Amino acid sequence: MKHLNLFSLFMAFATLSLLAPSCSDTKEEPLPDMLPSVTLAAGTATGTTLSVTVTPANADRCVVKAFGKEQALPAAESLLIDDEATAADPAKGGTVVLENLAPDTEYIILAAVLGYDQTALSSPLSMRTLTAADTPTPTPTPIEITFSESWKERTAEGSWVVSFYDGSYIDNTATHELIIDFRNSPATNYLPAGTYKSGKSGSEIFHSDYSYLRFRKENGAPWKNITDGEIVVEIPEGNTYRIAMDVTLSDGRKLKAEYEGEISGMTVVENREDYEFALTAASRTEKNGQIAGEYLITLNDSPVWKHEMSLDFYADPASESLPEGTYTLGETTSAGTLGQSGSSLGVYNSGDMTGGYKFSSGTVVVTKEGDTYTFAIELTSDDCPRKFVGTFSGGIGNMDLAN
């Protein structure tokens, strides 16, 4: 009897276990804080785009779409499989731009999410595209370049054409080639320091017709003229240039570029040693608008003819020939002044010094014995920059030229 009771108990438990549902057959419902959700916030509008900020939660998939005001809005399940909907990051959300919209049109924007086998829709968001006239013109992405190589292409009086590369020109590794036609009044054989602005005439400019950026690695190597802006040129030491460019290209893009180093083929004459020269011939020259007591003397070193100089002396209006004395460079016409605008030096066939120079300061001491004049010239030029120390001894032709 005892064995029968144990068997009956075993069978009862077995029957109950068969009738009881298994854990695997029960579907686990998500907790309320695990359900997916999504919200929308309006962003910016143009004539053909609307941007929104999407914030999903507990989502594995998230999509956004704009609907015309008269269109029926879909259920979440339909929106999630719509091929024209724009996908958003289901974990992070962020800004979504809806494109190819009609200008000046009101749209209803919806977002849908899927998570834990559940779907959800955002609240509808109403936004309107701008009219075509109100659409802001996008700001072109600026170009920033650090150039590593520079060459002197050619020079002429008051003009220096310089090229810049962001790689090797010889090895053809440069992506960009910049050509700048600098213009300035000092006729030195090297590019002077200064702030050069875009222009087509005048001093201290870069010529906008002949300055351009070339995209060497792009199809057809397109180039864009430089139409505006400024280029700051510094010469901090020796032959080293420091050049900063902030200019605008013909397509509206900004170019911010820099270069530091030597310009191949260009030697800077430093203000370290005086430039000495001797003149051997002189003559008084008639001048338009000449006033009483003014003596414009032209000098040279013929027959070598490497130097030609003009010195515009202002003396006592009652004088009949150039008086002795110290003449100081200036802009007035008072006695004892060496006229700045009328005084200059031309240097020919002298290598790096070849060019024309105006003066910023200095003196010329004039002495006379009989008909022989002696000039002791010490004049400084900012064009070079350096001091010019010259001498002259001899007669001066046409001294009796009427004032």
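The structure displayed is predicted, hence computed values, not measured ones. (Residues numbered from 1 in each chain as written. Predicted model: local features only at pLDDT ≥ 70, side-chain atom pairs only at ≥ 80, totals over all residues. Heavy atoms only, no water.)

Observations regarding the overall build of the protein chain
For clarity, the cut-off: Numbered from the N terminus, helices here are DSSP runs of H or I no shorter than four residues, and strands are runs of E no shorter than two. By definition in these notes, contact holds between two residues if any of their heavy atoms fall within 4.5 Å. Per-residue and other accessible areas follow the Shrake-Rupley method at a 1.4 Å probe size, with only the shown protein chains counted as cover for residues.
Looking only at helices and strands, the protein chain features two helices and 29 strands. Partitioning the contacts of the protein chain with sequence separation of at least 6, the portion at a separation of at least 24 is 55%. Total accessible area computed for the protein chain in this model is approximately 22000 Å², and 50% of it derives from carbon and sulfur atoms.

Some remarks on the pattern of salt bridges
Defined as follows: In the sections that follow, a salt bridge refers to a side-chain nitrogen of Lys or Arg positioned within 4 Å of a carboxyl oxygen of Asp or Glu. Relative accessible area decides the class of each residue, using a 1.4 Å probe on protein chains only: under 20% of the type maximum gives buried, over 50% gives exposed, and in between gives partly exposed.
Here the structure, examined in full by the defined rule, presents 17 salt bridges. One salt bridge connects Lys 65 with Asp 82, and the closest N-O pair in it is separated by 2.7 Å. Of this pair, Lys 65 sits in strand 3 (residues 61-68) while Asp 82 is found in the loop between helix 2 (76-80) and strand 4 (86-87), placing the two residues 17 residues apart along the sequence. The closest approach of N and O atoms between Arg 128 and Asp 104, which form a salt bridge, is 3.2 Å. Linking Arg 128 in strand 8 (residues 125-128) with Asp 104 in the loop between strand 5 (94-98) and strand 6 (106-115), this pair joins segments that are 24 residues apart in sequence. By relative accessible area, which is 44% here, Arg 128 ends up partly exposed. Residue classification places Asp 104 among the partly exposed residues on the basis of a relative accessible area of 40%. Connected via shared salt-bridge partners are Lys 69, Asp 104, Glu 106 and Arg 128.

Concerning the confidence of the model for the protein chain
To be explicit about the condition: Looking at any residue, its pLDDT shows the predictor's confidence there, from 0 to 100.
Mean pLDDT for the protein chain: 87, with 87% of residues reaching 70 or above. Taken together, the stretch residues 1-10 has pLDDT below 50 and engages in zero contacts with residues farther than four places along the chain or on a different chain.

Things to note about the sheet that holds strand 5
So the rule is basically this: Whether two strands pair comes down to DSSP finding at least two bridges between them. Here, axes are lines fitted to C-alpha atoms. For helices the fit covers the stretch in contact, and angles between N-to-C directions go from 0 to 180 degrees.
Spatially, three strands are ordered 1-2-5 in an open sheet, and the strand pairing comes out antiparallel. Of all strands in the sheet, those bounded by a partner on one side alone are strand 1 (37-45) and strand 5. Each strand axis lies, on average, 30° off the axis of its neighbour in the sheet, ignoring direction. The pairing of strand 2 (residues 50-57) with strand 5 spans five bridges and is classified as antiparallel. When the bridges of strand 5 are listed, Thr 53 appears paired with Thr 95.

With respect to the packing of aromatic side chains
This is how it is decided: The pairing test for Phe, Tyr and Trp rings, Trp by its six-membered ring, is centres within 6.5 Å, and the orientation test on the planes gives stacked under 30 degrees, edge-to-face over 60, and tilted for anything in between.
Under the definition given, this model contains 14 aromatic pairs. Aromatic side chains Phe 359 and Phe 388 sit 6.1 Å apart centroid to centroid with 75° between the ring planes, which places their arrangement in the edge-to-face category. Here the residue Phe 359 occupies a position in the loop between strand 26 (355-358) and strand 27 (361-369), and Phe 388 occupies one in strand 29 (residues 386-394), the gap between them amounting to 29 residues. Connected via pairs of aromatic rings, a cluster forms that spans Tyr 275, Phe 277, Tyr 357, Phe 359 and Phe 388.

Thoughts on the nonpolar core
The line we're drawing: For this analysis, a nonpolar core means a set of buried residues of the types Ala, Val, Leu, Ile, Met, Phe, Trp, Tyr and Cys, connected via side-chain atoms within 4.5 Å.
Met 309, Leu 311, Phe 313 and Phe 375 are the most contacted members of the largest nonpolar core, which totals 30 residues. Mapped by element, the contributors of at least two residues to this core are strand 19 (275-279), strand 21 (294-300), strand 22 (307-314), strand 23 (325-330), strand 25 (344-347), strand 27, strand 28 (372-381) and strand 29. Looking at which element gives the most residues to this core, the answer is strand 28, with four residues. Setting aside residues up to four positions removed in sequence, Phe 313 forms contacts with Gly 293, Glu 294, Tyr 295, Ile 297, Leu 322, Tyr 327, Thr 337, Leu 338, Val 364, Val 366 and Phe 375. Membership of the second largest hydrophobic core comes to 29 residues, among which are Ile 143, Val 162, Phe 182 and Ala 257.

Side note on the pairing of strand 2
Pairing geometry for strand 1 and strand 2, over seven bridges, is antiparallel. In the sheet register, Ala 42 faces strand 2, and the bridge partner there is Val 52. With antiparallel pairing between neighbouring strands as the criterion, strand 1 and strand 2 make up a hairpin whose turn holds four residues.

Here's the deal with unusual backbone geometry
Here the residue pair Ser 302 and Pro 303 is connected by a cis peptide bond, since its omega of 10° sits within 30 degrees of zero. For Pro 303, the position within the fold is in the loop between strand 21 and strand 22. Although it is not a glycine, Asn 100 adopts a positive phi angle of roughly 60°. Mapping Asn 100 onto the fold places it in the loop between strand 5 and strand 6. Phi is positive for Asp 117, close to 60°, though the residue is something other than glycine. As for its position among the elements, Asp 117 is in the loop between strand 6 and strand 7 (118-121). You can call Asp 117 exposed: its relative accessible area is 71%.

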